[in-house]
Amino acid sequence: MDLMTIMILAILFLATVIRSAFGFGEPLIAVPLLAFWIPVEIAAPVARLVSITVAAVALAQDYKVFISVAPSALSLRRSSACPSVRCC
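Residues numbered from 1 in each chain as written. Predicted model: local features only at pLDDT ≥ 70, side-chain atom pairs only at ≥ 80, totals over all residues. Heavy atoms only, no water.

Draft legend 1. Structural context of the nonpolar core. Of all hydrophobic cores here, the largest spans 10 residues; its members are Ile-8, Ile-11, Leu-12, Ala-15, Ala-30, Leu-34, Ile-38, Ala-43, Ala-47 and Val-50. For this core, the secondary structure elements donating two or more residues are α1 (3–22), α2 (26–34) and α3 (40–61). Of all the elements, α1 adds the most residues to this core, at 4 residues. Ignoring anything within four residues of it in the chain, the contact list for Ile-38 reads Met-4, Ile-8 and Ala-43. (Core = buried A, V, L, I, M, F, W, Y, C linked by side-chain atoms within 4.5 Å. Buried < 20%, exposed > 50% of the residue type's maximum accessible area, 1.4 Å probe, protein only. Helix = DSSP H or I, 4+ residues; strand = E, 2+ residues; numbered from the N terminus. Contact = heavy atoms within 4.5 Å.)

Written out as structure tokens, the structure is:
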């Protein structure tokens, strides 16, 4: 591995750690730092693809929790938005 590859992987790892800790900010960290090593036209899609991959892995790990929570969250949202339900 050459230095450029190691730096790109280190930047992507750092951005992923930031996202894991705070829940957002992966492209915000990755794109400017990647732009030092690769063109912005390549850095932005790379950062987005890494972000989508990390989100897919997190969803796959929490799939059962997501499936059990999603229907109740959707039903609460529907009932509160329904104009036929009286508030008071």
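So that's the structure; there's more coming.
Draft legend 2. Highlighting the confidence of the model for the protein. Summarising the model, the protein shows a mean pLDDT of 83, and 78% of its residues fall at 70 or more. Mean pLDDT across the elements of the protein bottoms out in helix α4 (residues 63–81) (64) and peaks in α1 (94). (pLDDT = per-residue confidence, 0-100.)

Draft legend 3. Structural context of the packing of α1 against α2. Two elements in contact, α1 and α2, have axes whose closest approach is 8 Å; the angle formed by their N-to-C orientations is 160°. In terms of their interaxial angle, α1 and α2 are classed as roughly antiparallel. Taken as a pair, α1 and α2 cross one another with a handedness that is right-handed. On α2, the residues that touch Ile-8, Ile-11, Leu-12, Leu-14, Ala-15, Thr-16, Ile-18 and Arg-19 of α1 are Glu-26, Ile-29, Ala-30, Leu-33 and Leu-34. The class makeup of the residues in the contact of α1 with α2 is 10 nonpolar, 1 polar and 2 charged. (Axes fitted to C-alpha atoms, helices over the stretch in contact; angles between N-to-C directions. Parallel < 35°, antiparallel > 145°, perpendicular 65-115°, else oblique. Left-handed = near helix turned anticlockwise from the far one by under 90°. Nonpolar A, V, L, I, M, F, W, Y, C, P; charged D, E, K, R; others polar.)

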